[in-house]
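# Structural overview
What follows is the residue order along each chain.
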Protein chains: 2
Amino acid sequence: MVILMINKLIDGIKKKNAPIVVGLDPMMKFIPAHIKDAALKEYGETLEGAAEAICQFNKQIIDHIYDIIPAIKPQVAMYEQFGVPGLAAFKKTIDYCHEKGLIVIGDVKRGDIGSTSEAYAVAHLGKVSVGNAKISAFDEDFATINPYLGTDGIKPFLDICKQEKKGVFILVKTSNPSSGEFQDQLVDGKPLYELVGKKVDEWASRCMGDNYSYVGAVVGATYPEMGKVLRKVMPKSFILVPGYGAQGGKADDLVPYFNEDGLGAIVNSSRGIIAAYAKEEYAAFGEHNFAEASRQATVDMIADINKALDKK
Amino acid sequence: MVILMINKLIDGIKKKNAPIVVGLDPMMKFIPAHIKDAALKEYGETLEGAAEAICQFNKQIIDHIYDIIPAIKPQVAMYEQFGVPGLAAFKKTIDYCHEKGLIVIGDVKRGDIGSTSEAYAVAHLGKVSVGNAKISAFDEDFATINPYLGTDGIKPFLDICKQEKKGVFILVKTSNPSSGEFQDQLVDGKPLYELVGKKVDEWASRCMGDNYSYVGAVVGATYPEMGKVLRKVMPKSFILVPGYGAQGGKADDLVPYFNEDGLGAIVNSSRGIIAAYAKEEYAAFGEHNFAEASRQATVDMIADINKALDKK
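Residues numbered from 1 in each chain as written. Chains lettered and ligands numbered in written order. Predicted model: local features only at pLDDT ≥ 70, side-chain atom pairs only at ≥ 80, totals over all residues. Heavy atoms only, no water.

Moving on: the overall build of chain A. Scanning chain A from terminus to terminus reveals 13 helices and 12 strands. For 312 residues, the compact-globule formula gives about 20 Å, and the C-alpha radius of gyration of chain A, at 19 Å, lands near that figure. Projected onto its principal axes, the C-alpha positions of chain A cover 60 × 55 × 40 Å. Sorting the 312 residues of chain A into buried and exposed places 65% on the buried side. Nonlocal contacts in chain A, meaning residues at least 24 apart in sequence, comprise 73% of its contacts between residues at least 6 apart. (Helix = DSSP H or I, 4+ residues; strand = E, 2+ residues; numbered from the N terminus. Rg over C-alpha atoms; globule rule 2.2 N^0.38 Å. Buried < 20%, exposed > 50% of the residue type's maximum accessible area, 1.4 Å probe, protein only. Contact = heavy atoms within 4.5 Å.)

So, in structure tokens, the structure goes:
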């Protein structure tokens, strides 16, 4: 029997005692020279060369952290910029994460009108029909989606999640500096992000796993006061929290994103983990041991967040 | 010298007397059996087979309409659902359009926080660095983008447009039934889409071509009253108008999307053109002559819109 992905995610978080996800956003500047050089030597200064460097970099990081975290979140934009070979590296990364037993959250932030959203949902979470065959294109377990187009842009994702036992995280309040420009505007005296949060709660209520919904939300770590409010607005939704570390979010600030049961949030770090070797704190590992540095940074992040949660 | 793409688009619209763009959204159900069968026979019931069918279908349509329209708008979701081979077909379609002198509007609706938006902008409009090489990944001329994350999600696109002489269309009011759920919410007594429109106008003012900005907007044909208001809010922006035909928008309703100079809007039709052969009106062409049916539907659409504009 296929287990509902949100239940599997919660199970993974509990077993590994790690409410965290690592963002695999392999910008070229994060990839150590010896990996880049080898890949470009083999494939030339081509998109294929870049894609090979990404795959090698990702594989080593995954190999060093898969046993201590429940999930990985590749940011598709970082692959898409290398065109078709880059997206082949995205797919390879997803497959390799699955081989290693990791849950994959595709950070794709897609969203469109109904029929088009359906195609996106099929691309990332579903199966496409070709003749009599049904084929998974990218096959993530969760996807992030953008709500600007309203219910009919969201519904095809929910339908396919139901069918495939997968899930989504809907952008509610993003972590970036100008996220307030539209998201914080007051509508009937309340910010737009709260209205979006209420909609997420409505959708979530109709899409339940055991204790949590498979319709989650994205709320940036950089706005803890808003996170506190949104936690209450969407009690059944898991919150995917970007912005910890490099973007400025601190562990203590994240406590209100969790529910009383100690669950309900999963905190992402990307740069802080995958480029740990470039930080003073982990410089002793050296560039060649970048993946060991990533493991240590992951261990430290888990401890940092659990310590904050223990104080709760 | 590289001509600014918005100037080139306007030039194309004038020369061909056709303020229209054809949406190449090749859903499998639109592709005639003889094309699908041949492709699946060669490649099997695989993503590669589907991608081959899409390429053959697109090529014939492009061959039959490239001389009478200025631009093509492929919807990336329809390709993305066929995974890496599907995206290779997307890229091939873009390249073939360029060979035929067509301007390509990538309907990608991307948008994220700053550094991630930069990667998307590079992917679709810019060039990515690999060693000392600079390579175009998908190489559209324009891209559609989602504003929910605010200025810092938009700015990287504008920077790359400036550099590459390309352009964007920012979602303001979308054509789908539930677009009002968030977009119509009142902020200080005015709908959110107007606030987004004002921001688009601000961005547009700083990014001018000869008479129009290379920062355009998307406003659905299905909301003509709002189109009328938004035309005035964003006088310097070209409006990309989806929703004509299959979604219900009529030519007369579209007149207010244009400025007094007869320019300022470009109307999209997808299904209405590429699946014309399946409509009663063009059934006489027969499935084998689907591309001739598409040409006739394009000719009719141009006449329909120009007739409405002449009455102005």
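Past the structure itself, the notes keep going.
Further remarks concern the environment of Leu9(A). Residue and element names in this part refer to chain A. Tracing the backbone shows Leu-9 in helix H1 (residues 5–16). Residues Leu-9 and Leu-254 lie 245 residues apart in sequence; the distance between their C-alpha atoms is 19 Å. Excluding residues that lie within four positions of it along the chain, Leu-9 makes contacts with Pro-70, Ala-71, Ile-103, Phe-142, Phe-169 and Ile-266.

Counting from both sides, the interface comprises 71 residues of chain B and, opposite them, 71 residues of chain A. Buried surface at the junction of chain B and chain A, both sides included, amounts to about 5,600 Å², of which 64% is carbon and sulfur. For the chain B face of the interface with chain A, the top three residues by lost area are Glu45(B), Tyr148(B) and Phe182(B), together amounting to 15%. One can count 4 salt bridges joining chain B with chain A. A salt bridge links Arg110(B) to Glu80(A), with the nearest nitrogen and oxygen atoms 2.9 Å apart. The tally of links between chain B and chain A comes to 31 residue pairs in polar contact (both at pLDDT 80 or more). With 7 residues, helix H6 (residues 114–125) of chain B is the largest single contributor of residues to the side of chain B that touches chain A. (Buried area = accessible area lost by both parts, 1.4 Å probe. Salt bridge = Lys/Arg side-chain N within 4 Å of Asp/Glu carboxyl O. Polar contact = N/O pair within 3.5 Å; in protein donor to acceptor, adjacent residues only side chain to side chain.)

The subject of this paragraph is the pairing of strand E6 (residues 142–145) of chain B. All names here are of chain B. Alternating positions in E6 separate into two faces, Phe-142 and Thr-144 on one and Ala-143 and Ile-145 on the other, with burial throughout. Where strand E3 (residues 103–110) lies against E6, 3 bridges are found, and the strand directions are parallel. Each residue of the ladder has a partner; that of Gly-106, found in E6, is Ala-143. Pairing analysis gives 4 bridges linking E6 to strand E7 (residues 167–173), with the strands arranged parallel. Residue Thr-144 lies in a different strand from E7, and its bridge partner there is Phe-169. Viewed along the sheet, the connection from E6 through helix H7 (residues 151–164) into E7 turns out right-handed. (Pairing = 2+ DSSP bridges. Right-handed = clockwise from strand over helix to strand, strands pointing away.)

A separate point is the pairing of strand E2 (residues 71–74) of chain B. All names here are of chain B. Burial of the side chains of E2 extends over both faces: Ala-71 and Lys-73 are buried on one face and Ile-72 and Pro-74 on the other. Here strand E1 (residues 20–24) runs beside E2; their pairing, made up of 4 bridges, is parallel. Bridge assignment links Gly-23 to a residue of E2, and that residue is Lys-73. When E2 meets E3, the two strands line up parallel, connected through 2 bridges. Looking at E3, one finds that Ala-71 is bridged to Ile-103.

What follows covers unusual backbone geometry. Even without being a glycine, Asp188(A) presents a positive backbone phi close to 50°. Residue placement: Asp188(A) occurs in the loop between strand E8 (186–187) and strand E9 (190–191). With a phi angle near 65°, Lys165(B) is a residue other than glycine that sits in the positive phi range. For Lys165(B), a relative accessible area of 33% corresponds to the partly exposed category.

Attention shifts here to the pattern of salt bridges. By the definition in use, this model includes 38 salt bridges over all chains. Connected through salt bridges with shared partners, the residues Lys73(A), Asp107(A), Lys109(A) and Asp112(B) form a single ionic network.

Below, the discussion takes up the environment of Leu47(B). Structurally, the position occupied by Leu47(B) is in helix H3 (residues 47–65). Ignoring anything within four residues of it in the chain, the contact list for Leu47(B) reads Val128(A), Ile135(A), Ser136(A), Ala137(A), Phe82(B) and Pro85(B).

The description of two aromatic rings rests on the distance between their centres and on the angle between their planes. Residues and elements named next belong to chain A. Taken as a whole and assessed by the stated rule, the structure comprises 12 aromatic pairs over all chains. Ring geometry for Tyr-277 versus Phe-290: centroids 6.3 Å apart, planes at 70°, classification edge-to-face. Linking Tyr-277 in the loop between helix H12 (271–274) and helix H13 (290–310) with Phe-290 in helix H13, this pair joins segments that are 13 residues apart in sequence. Judged by relative accessible area, Phe-290 falls into the buried class, the value being 0%. Each member of the aromatic cluster is reached from another via a ring pair, and the members are Phe-57, Tyr-277 and Phe-290. Between the NZ or CZ atom of Lys-100 and the centre of the ring of Tyr-66, over which it lies, the distance is 4.5 Å. (Phe/Tyr/Trp six-rings, centres within 6.5 Å; stacked < 30°, edge-to-face > 60°. Lys NZ or Arg CZ within 6 Å of the ring centre and 35° of its normal.)

Our next topic: helix H2 (residues 33–43) of chain B. Of the positions making up H2(B), those classed as buried are Ile35(B), Ala39(B) and Leu40(B). The buried residues of H2(B) all sit within an arc of 120° when viewed along its axis, so they share a single face. On its buried side, H2(B) packs onto strand E4 (128–130) of chain A together with H3 and helix H13 (290–310) of chain B. A positive phi of about 80° marks Gly44(B), the residue just after H2(B). (Arc of directions from axis to C-beta.)

Attention now goes to the relation of the copies chain B and chain A. Screw-axis analysis of chain B against chain A gives a translation of 0.0 Å along the axis, an RMSD of 0.0 Å, and a rotation angle of 180°. Here the two chains are linked by the operation of a two-fold rotation axis. For chain B, the smallest separation between a C-alpha atom and the rotation axis is recorded for Val187(B), amounting to 2.8 Å. A high fraction, 100%, of the interface residues of chain B reappear at the interface in chain A, so the copies pair face to face through one surface. (Least-squares fit on C-alpha atoms with pLDDT ≥ 70 in both.)

A word on the sheet that holds E6(B). All names here are of chain B. The 8 strands lie next to each other as E1-E2-E3-E6-E7-E10-E11-E12, forming a closed barrel whose pairing is parallel. Strand-to-strand twist in this sheet, taken as the mean axis angle between neighbours without regard to direction, amounts to 30°. Across the sheet, helix H5 (residues 83–99) lies against E1, E2 and E3, angled at about 150° from E3, the strand it touches most. Its contacts with the sheet place H13 against E1 and strand E12 (265–269), and it is angled at close to 145° to E1. (Axes fitted to C-alpha atoms, helices over the stretch in contact; angles between N-to-C directions.)

The next subject is the sheet that holds strand E3 (residues 103–110) of chain A. To summarise the sheet geometry, strands pair through backbone hydrogen bonds and adopt either a parallel or an antiparallel arrangement. Residue and element names in this part refer to chain A. Taking strand neighbours around the barrel as the criterion, the 8 strands line up as E1-E2-E3-E6-E7-E10-E11-E12 in a closed arrangement whose pairing is parallel. On average, each strand axis in the sheet is inclined to that of its neighbour by 30°, with strand direction left out of account. Sheet strands in contact with helix H7 (residues 151–164) are E3, strand E6 (142–145), strand E7 (167–173) and strand E10 (215–219), and its direction is about 150° off that of E7. Its contacts with the sheet place helix H9 (residues 192–205) against E7 and E10, and it is angled at close to 160° to E7.

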